[in-house]
Amino acid sequence: MNDKKWIVLGLVIFLGLFTFPLWYNLLVRPGTAAPAPEVVLTDKAKAARQCVMPTEFMKTDHMQLLDEWRLKMVREGTGTFVNPEGKMFAASLSNTCLDCHSNKAEFCDRCHDYVSVAPYCWDCHLDNPKGER
Amino acid sequence: MESSRRRFMKMAGIAAVGLSAQPVIKAVAAAPTNGTHSLQKGPKALIGSQWAMVIDTRRFKTERDVAPLIEACHKTHNVPHFSDRRHEIKWLWETHFHNAFPDIVNPHMSEEAEHRPYLVLCNHCENPPCVRACPTKATFKRQSDGIVVMDMHRCIGCRFCMAACPYGARSFNFRDPRQGLVEKEMNPQYPTRMKGVVEKCNFCSERLSEGLMPACVEASKGAIVFGDLRDPNSEVRRVLRENFTIRRKSGLGTEPCVYYIV
């Protein structure tokens with residue numbers, strides 16, 4: 001057991017390197033983490049005050065909602081969404097979501113960039129439903 | 001394993017503790033409350049259980065008569081234009097009589113009828129071979145209205161459906177379709193497709209759900225009739241009763257839903 005001190009030293013160095021990102025962030029560059037992005041609401045969205053579902057639900061579940069929309073719209077032909085308050089919306093990504101959130105760059109993209117998701121929807125769906133640009 | 005009273009009491013006790021944890025689990029890890037939302041047919045949606053089309057080919061004499069219909073269709077759905085035939089995307093197009101109806105081989109036929117332009121498109125067959133070929137159910141026969149729908153979200157671009165379709169009604173996107181579209185002339189309401197998926201006519205299902213007739217029917221000034229094949233009082237059924245019609249390659253048993261008055 002003469003190698004004990006080498007083994008311990010090796011372990012300490014390994015652990016030090018392994019946890020380098022953690023203590024580097026904590027000790028050397030505190031407070032530089034990217035702040036959560038502020039999403040910008042358009043005037044139209046502000047006037048509506050409410051999203052198609054409660055905001056908390058939208059924050060966590062909008063992808064599931066969109067998935068349900070496209071499933072039901074394309075495969076069952078039921079293209080009108082009725083929310084819990086009984087309000088109706090066309091179940092359409094471009095024509096409904098981007099009607100209120102027409103500032104995709106400052107809304108959807110800003111948040112997605114932060115969490116590093118890149119939905120491929122825009123390969124096909126147009127992000128400018130009114131043709132204003 | 002030996003069972004005894006002692007063992008039974010132990011298990012019952014553990015089960016009771018487990019049950020009492022349920023409210024805690026609910027409080028800590030609640031499933032998102034979905035509320036009661038639903039998806040329905042819109043109030044204006046046209047309802048039919050098998051949409052069908054009758055094309056009165058007598059009303060289309062020259063290419064100039066069919067061009068506006070093709071343009072209306074392709075504009076509405078952002079169908080790209082590529083001059084290279086190998087990359088062509090077609091939803092609605094015109095063809096020669098003998099290409100449209102290769103099984104009608106009578107010699108000495110009416111010259112006028114032989115040289116009309118014939119509009120062809122997806123036949124939305126009642127027995128669609130493309131649907132059987134599709135490995136992902138991206139193309140399927142929609143129960144609610146009989147349309148043979150392409151679900152672009154599922155298409156993996158294998159092109160089995162193209163091999164299966166006897167009408168050549170499907171096109172493959174060899175290139176990014178946006179390269180074949182002019183941005184200013186696009187319909188911003190309708191998605192394009194992307195490189196690597198198959199596409200075809202959708203009987204304007206997005207227009208039907210808003211209470212509008214298909215774009216080609218609207219542009220045809222009455223030369224194309226559209227309606228529900230299952231409803232004996234519908235306009236298509238009336239036209240079919242009153243006129244002799246033919247269908248493309250009806251001998252194959254695909255039961256096309258596009259009829260032609262010749």
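Residues numbered from 1 in each chain as written. Chains lettered and ligands numbered in written order. Predicted model: local features only at pLDDT ≥ 70, side-chain atom pairs only at ≥ 80, totals over all residues. Heavy atoms only, no water.

Draft legend 1. Seen up close, the pairing of strand β9 (residues 224–228) of chain B. Residues and elements named next belong to chain B. With respect to burial, β9 is a largely interior element, five of its five residues being buried. Relative to β9, strand β2 (residues 51–56) runs antiparallel, the two sharing five bridges. Considered in β9, the bridge of valine 54 is made with valine 225. (Buried < 20%, exposed > 50% of the residue type's maximum accessible area, 1.4 Å probe, protein only. Helix = DSSP H or I, 4+ residues; strand = E, 2+ residues; numbered from the N terminus. Pairing = 2+ DSSP bridges.)

Draft legend 2. View of unusual backbone geometry. Positive phi, normally seen in glycine, also occurs at A:Arg49, with a value near 65 degrees. Looking at where A:Arg49 falls in the secondary structure, it is placed in the loop between α3 (43–48) and α4 (55–76). In this structure, B:Lys249 is a non-glycine residue whose phi angle is positive, near 45 degrees. Structurally, B:Lys249 is set in the loop between β10 (245–246) and β11 (258–261).

Draft legend 3. The domain arrangement of chain B, seen in detail. Looking at chain B, the domain boundaries give domain 1 (1–30) and domain 2 (38–261). Relative placement of domain 1 of chain B and domain 2 of chain B: their C-alpha centres are 62 Å apart. (Domains from an automatic or database assignment.)

Draft legend 4. A look at the interface of chain A and chain B. Contacts between the two partners involve 34 residues from chain A, matched on the other side by 34 residues from chain B. If you sort the residues of chain A by the area they bury against chain B, A:Arg75, A:Cys124 and A:Leu126 come out on top, with a joint share of 25%. Viewed at the interface, chain B and chain A are joined by one salt bridge. Across the pair A:Arg75 and B:Asp151 runs a salt bridge, and its minimum N-O distance is 2.9 Å. Linking chain A to chain B there are 15 residue pairs in polar contact (both at pLDDT 80 or more). Of all the secondary-structure elements, those providing two or more residues to the side of chain A that touches chain B are α4 and β1 (80–82) of chain A. (Contact = heavy atoms within 4.5 Å. Buried area = accessible area lost by both parts, 1.4 Å probe. Salt bridge = Lys/Arg side-chain N within 4 Å of Asp/Glu carboxyl O. Polar contact = N/O pair within 3.5 Å; in protein donor to acceptor, adjacent residues only side chain to side chain.)

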